[in-house]
Structure formats: C-alpha cells, structure tokens
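Understanding the architecture of this molecule
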Amino acid sequence: MKRSSQIWLKELEAELASRHLLHHSFYEKWAEGALSRDALRGYTKEYCQLVDAIPALVRTVQTKAPTPEMVAGLGENLREEKEHPELWLRFGEALGLSRRDFLQHTPLPETTEAVSTLRRIVEDRSFVEGVAALWGFESQVPEVSEKKIEGLTTFYGITSPRGLEYFEVHRTIDQKHTAMEENILVSEARTPEDRKAVESAAKAARDAVWRLLDGVYRHHVLARQQLG
Ligand SMILES: [Fe+2]
C-alpha cells in the first residue's frame, strides 16, 4: 500500500469515526445497561433486516469486480455473510424471540429506508463505491461488537455462546473484510474524483445504519419514555 494512500484511508477512517455508530444514543444506552429488554428485542427485529440484506449487497458488489482476485475475495466474504442471518436469529432466541416473531415483523420506515439506501449505492454506483459502502459500516463493526458483548453479558443476562456467537464472530471477521476492502480502495480509487466518490459512498453507508438506529431509538426508547 502506498504511503499517500494509507494516509488518505486513515484520514477517511477518522472522519467516519466522527460519527461512529458507538456514539449513537441507542448504542450509548446499550453500553450503560439502560435499555429495556423490550427495546433490545425491538432493535433485534429491525437490525435483522440489515443482516439479511448484507449477502445480496456483497453479491452485487462482487458482480462488478474487475479482477479474479477481487471476485474471489468478495466471494469468501459472501460465503461468510450468508451464515450470519442464522446467528442473528440465535441471538434473538436468547432474548426470547421466536423465529416466527422475525417473520411476522413489519420493519420501521427508517429501517426500510436504510436498507434501500444501501441497495441503491451498490446497485447504482461504481464497483469501488460499492466496496466503499461495505467498508463504511463494516470498519466499525468489530469495535461495536466488542461493546455489545460487554453490555449483553454485564447488564442483560445474555451469556450463552449460542446467543453471543453473532457478535463473537463479528469481533474479528470484519477486520478481515475491512482489510480486503481497503486493499481494493487503494488500488481502484486512483484519481481525486474516485476518492471523493469513495468518501461519499462510505459516509452514506454509515449514515444509513445510523438512520436505522434513529428509528429504533425513536420507537423503542423515546416513545416508551413519553408513555411512561
Ligand atoms: Fe456479517
């Protein structure tokens, strides 16, 4: 990786972190142990929409990959992502949700908006922008997973390996995905215009996930506070 490219990526990562998902009020409350179990269950059904959407997002990006190495790298990412919806359902079960609860759930408008924003980025924009979108939120996932595990075990009584496996896996797997994505960003985003497009796609993806959390917070924390 060339030094100037490394600096550019590091700067972009720092910029993304200025609105790190861990700073979202919902995740702050999670870390403080201030969420009700109902709020956690509500979140779990919303975020499931994103977990379910990720394999198709990766697949769409993969279809635009210009080299066999990139196709293979994204293929491995895709195989792994396909296993994650099952792990998410197991987390839901640890919170007392049945598989039927997930099937019968109607997502909040913010969740639908978030998922369709991510779909639009990978479908309508270039390969490198699609990779940037995946990177935009995956780069924050290991740290977020770590915090979630801490909260779940300390405050919410979720301690079984089966219930925590989704987060245990994401503590490390997205470090690998992120490293692969960074290699692609460095080799494919060559011009200032490319880099601008990468920055815009990465921020839009992070903001889409932030939007999903806004919906969860509005519906499962603020609305309940007003009722109480
Ligand atoms: Fe995943």
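Refer to the structure presented above.
A short tour of the structure in this document, coming up. Quick caveat, the model's predicted, so the values are computed rather than measured.

Parameters and conventions
Residues numbered from 1 in each chain as written. Predicted model: local features only at pLDDT ≥ 70, side-chain atom pairs only at ≥ 80, totals over all residues. Helix = DSSP H or I, 4+ residues; strand = E, 2+ residues; numbered from the N terminus. Buried ≥ 20, exposed ≤ 12 C-beta atoms within 10 Å, placed from the backbone. Core = buried A, V, L, I, M, F, W, Y, C linked by C-beta atoms within 7 Å. Contact = placed C-beta atoms within 7 Å. Expected span 1.5 Å × (residues − 1). Bend = angle between axes of the 7 residues up to and from the residue. Axes fitted to C-alpha atoms, helices over the stretch in contact; angles between N-to-C directions. Parallel < 35°, antiparallel > 145°, perpendicular 65-115°, else oblique. Nonpolar A, V, L, I, M, F, W, Y, C, P; charged D, E, K, R; others polar. Left-handed = near helix turned anticlockwise from the far one by under 90°.

Per the secondary structure count, the protein includes eleven helices and zero strands. In terms of overall dimensions, the protein has a C-alpha envelope of 55 × 30 × 30 Å along the principal axes. Per-residue burial over the protein gives 36% buried out of 228 residues.

Right, let's talk about the nonpolar core for a bit. If you look at the biggest cluster of nonpolar residues, it comprises 45 residues, and the most contacted ones within it are L118, V131, A132, A133, L185, A202 and A205. A total of ten residues in this core trace back to one element, the largest contributor, which is helix α11 (residues 192-227). Once residues within four sequence positions are removed from consideration, A132 is found in contact with L185, V198, A201 and A202. Residues L152, I158, L164 and Y166 belong to the second largest nonpolar core, which totals six residues.

Compared with an ideal rise of 1.5 Å per residue, which puts 27 residues at 39 Å, helix α3 (residues 37-63) spans 40 Å between its outermost C-alpha atoms and is within 8% of the ideal. Along its length, α3 shows its largest kink, about 35°, at A53, and proline P55 lies within four residues downstream of that point.

The next subject is the packing of α3 against helix α5 (residues 84-94). Contact geometry of α3 with α5 gives a least axis separation of 9 Å together with a crossing angle of 170°. Put simply, α3 runs roughly antiparallel to α5. Here α3 contributes T44, C48, V51, D52 and I54 to the contact with α5, which in turn contributes H84, P85, W88, F91 and G92. Classifying every residue of the contact of α3 with α5 by side-chain character gives six nonpolar, three polar and one charged.

Residue placement: E86 occurs in helix α5. Residue E86 is classed as exposed on the basis of its 11 C-beta neighbours within 10 Å. Along the primary structure E86 and Y166 are separated by 80 residues, whereas in three dimensions their C-alpha atoms are 8.7 Å apart.

Relative to the helices and strands, P107 resides in the loop between α6 (99-103) and α7 (109-124). In this view, P107 contacts E46, Q49 and T112; residues no more than four positions away in its chain are not counted.

On to helix α8 (residues 127-138), then. Between its terminal C-alpha atoms α8 stretches 17 Å, which fits the 16 Å expected from twelve residues at 1.5 Å a residue. For α8, a buried count of eleven out of twelve residues is recorded, marking the element as mostly surrounded by other parts of the structure. Buried within α8 are the following residues: V128, E129, G130, V131, A132, A133, L134, W135, G136, F137 and E138.

All right, on to the environment of R125 then. For R125, the location among the structural elements is in the loop between α7 and α8. Each residue touching R125, except ones within four places of it in the same chain, is listed here: G130 and A201.

For the rest of this paragraph, the subject is the packing of α8 against helix α10 (residues 161-188). Relative to each other, α8 and α10 sit at 145°, their axes nearing to 9 Å. Of the two possible hands of crossing, α8 and α10 adopt the one that is left-handed. Contacts between α8 and α10 pair F127, V128, V131, A132, L134, W135 and E138 from the former with D174, H177, T178, E181, E182, I184, L185 and E188 from the latter. Looking at the contact of α8 with α10, its residues break down into eight nonpolar, two polar and five charged.

Interpretation in functional terms is not warranted from these geometric data alone.
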